[in-house]
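Working through the structure, step by step
Listed here are the chains, written in short residue letters.
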Amino acid sequence: MSRLQNTLANLKANGKTALIPYITAGDPEPNATLDLMHLLVEKGADIIELGVPFSDPMADGPVIQKAVERALEHNVSLDDVLEFVRVFRETNDKTPIVLMGYLNPVEAMGYEAFANAASSVGVDAILTVDMPPEESFGYKEALDSSGLDRIFLVSPTTPSSRLNAVNEKGSGFVYYVSLKGVTGSKELDVVDVEEQLNRLKQSITHPIGIGFGIKNAEMAYAMAKLGDAVIVGSSLVSLIEANASKGLYDVHLAIGEKMTEFREAIDRADANQ
């Protein structure tokens, strides 16, 4: 089992739901990323999802698009993101790290070179938004040979044929996009999410993480009762944007408070299962 798979299996065995926060690497500035990663762990993150800046983040809403723009203003590249992970691993070899991004930077480096580089610094899994599982030949093999889990997205409109491909080609966990549209949009319908999760579990054998639209403790509580992991992104990134001009201390304070809110809500849901 990989570090990611072990973490999720241990949490499930103990009746716990994983909290997976997302931040964009290099936002609001490169020297903030490592401290933010450690803060997320301190405040209850079980797994970290680290966004790789890319100039055309088509699946992301305006909040994360702006975060990517801020990172790119500092010329943060895929190489820089890998270096963040390498340094993080000097003091934390336990928390799994998922890189989330787009295919272009990976293809530019080459599948094998990327997989080797990511594995060597301590990355655990890759979520490439625009890589369909049906077209992942070469990509899957390169990541698999380097021991990296392959995470794919599914949504309310994903057909059964693709669910089977996701289950076959993916590993670690499956990321369920609980809303139609881009990240950070609309409101969650808990009943609909529950119905969709029941449908997914007929085809998916991997743990399922629920993301998109989880903005507060109420939503985190509800999603923790349904999924194996709760993924929070835009709500954290918006706090970085709102507080960056005040200084990193204020960023840390706001992120810490929000993470505590999510962690406590998820823990309450687990206790009431």
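Structure's up top.
It should be emphasised that the depicted structure is a prediction, and the values quoted were computed from it without experimental measurement.

1. A look at the pairing of strand 2 (residues 48-51)
Of the two faces of strand 2, the one carrying I48 and L50 and the one carrying E49 and G51 are both buried. Where the polypeptide runs from strand 1 (residues 18-24) across helix 2 (residues 33-42) and back to strand 2, its parallel neighbour, the crossover connection is right-handed. Bridging between strand 2 and strand 3 (residues 97-101) involves 4 bridges; their strand directions are parallel. Opposite I48, over in strand 3, you have I97 as the bridge partner.

2. Side note on the environment of A67
With respect to the helices, strands and loops of the structure, A67 is situated in helix 3 (residues 62-73). Counting along the chain gives 43 residues from A67 to T24, while the straight-line C-alpha distance between them is 6.4 Å. With sequence-adjacent residues up to four places away left out, A67 is seen in contact with T24, D27 and V237.

3. Focus: the sheet that holds strand 6 (residues 153-154)
The sheet built from 9 strands is open, its strands ordered 5-4-3-2-1-9-8-7-6 with parallel pairing. The sheet is open, and its two borders are formed by strand 5 (149-151) and strand 6, each paired with just one other strand. Note: strand 7 (residues 174-177) against strand 8 (residues 208-211), 4 bridges, orientation parallel. When the bridges of strand 8 are listed, Y176 appears paired with I210.

4. Let's talk about the nonpolar core
Counting residues in each nonpolar core, the largest one holds 67 residues, and the members touching the most others are L50, L99, V123, I214, M223 and I255. Per element, the largest residue contribution to this core is 7 residues, and it comes from helix 12 (residues 248-271). When neighbours within four sequence positions are excluded, I255 is seen to be in contact with L36, L39, L40, L236, L239 and I240. Core analysis: the second largest hydrophobic core is formed by 25 residues, L4, A18, V98 and A125 among them.

5. Some thoughts on helix 9 (residues 190-200)
Along helix 9, the positions that sit buried rather than exposed are V193, Q196, L197 and L200. Considered in projection along helix 9, the buried side chains sweep an arc of 105 degrees and stay on one side of the axis. Turned more than 90 degrees away from the buried face of helix 9 sit V191 and E195, all of them exposed. Elements in contact with the buried residues of helix 9: strand 6, helix 8 (160-169), strand 7, strand 8 and helix 10 (217-224). Measuring from the side-chain oxygen of the N-cap residue of helix 9 to the backbone nitrogen of V191 gives 3.1 Å; that N-cap residue is D189.

6. A few points about helix 1 (residues 3-13)
Among all positions in helix 1, only L4, T7, L8 and L11 are buried. Buried residues of helix 1 fall within an arc of 90 degrees about the axis and therefore sit on the same side. Positive backbone phi, at 70 degrees, marks G15, one or two positions downstream of helix 1.

7. Side note on the side chain of T24
Its place among the elements puts T24 in strand 1. T24 has contacts with G51, P53, I64, A67, V68 and A71, leaving out every residue within four places of it along the chain.

8. Remarks on unusual backbone geometry
Cis geometry marks the peptide bond from D27 to P28; its omega dihedral reads 5 degrees. Looking at the element boundaries, P28 is found in the loop between strand 1 and helix 2.

9. Some remarks on the packing of helix 4 (residues 78-88) against helix 6 (residues 111-121)
Where helix 4 meets helix 6, the axes come as close as 8 Å, and the angle between the chain directions of the two elements is 25 degrees. As far as their axial angle goes, helix 6 and helix 4 are roughly parallel. Taken together, the residues of helix 6 that come into contact with helix 4 (itself represented by L78, L82, V85 and R86) are F114, A117, A118 and V121. Its residues assigned to classes, the contact of helix 4 with helix 6 comprises 7 nonpolar, no polar and 1 charged.

Rules used throughout
- Residues numbered from 1 in each chain as written.
- Predicted model: local features only at pLDDT ≥ 70, side-chain atom pairs only at ≥ 80, totals over all residues.
- Heavy atoms only, no water.
- Buried < 20%, exposed > 50% of the residue type's maximum accessible area, 1.4 Å probe, protein only.
- Helix = DSSP H or I, 4+ residues; strand = E, 2+ residues; numbered from the N terminus.
- Right-handed = clockwise from strand over helix to strand, strands pointing away.
- Pairing = 2+ DSSP bridges.
- Contact = heavy atoms within 4.5 Å.
- Core = buried A, V, L, I, M, F, W, Y, C linked by side-chain atoms within 4.5 Å.
- Arc of directions from axis to C-beta.
- Polar contact = N/O pair within 3.5 Å; in protein donor to acceptor, adjacent residues only side chain to side chain.
- Axes fitted to C-alpha atoms, helices over the stretch in contact; angles between N-to-C directions.
- Parallel < 35°, antiparallel > 145°, perpendicular 65-115°, else oblique.
- Nonpolar A, V, L, I, M, F, W, Y, C, P; charged D, E, K, R; others polar.

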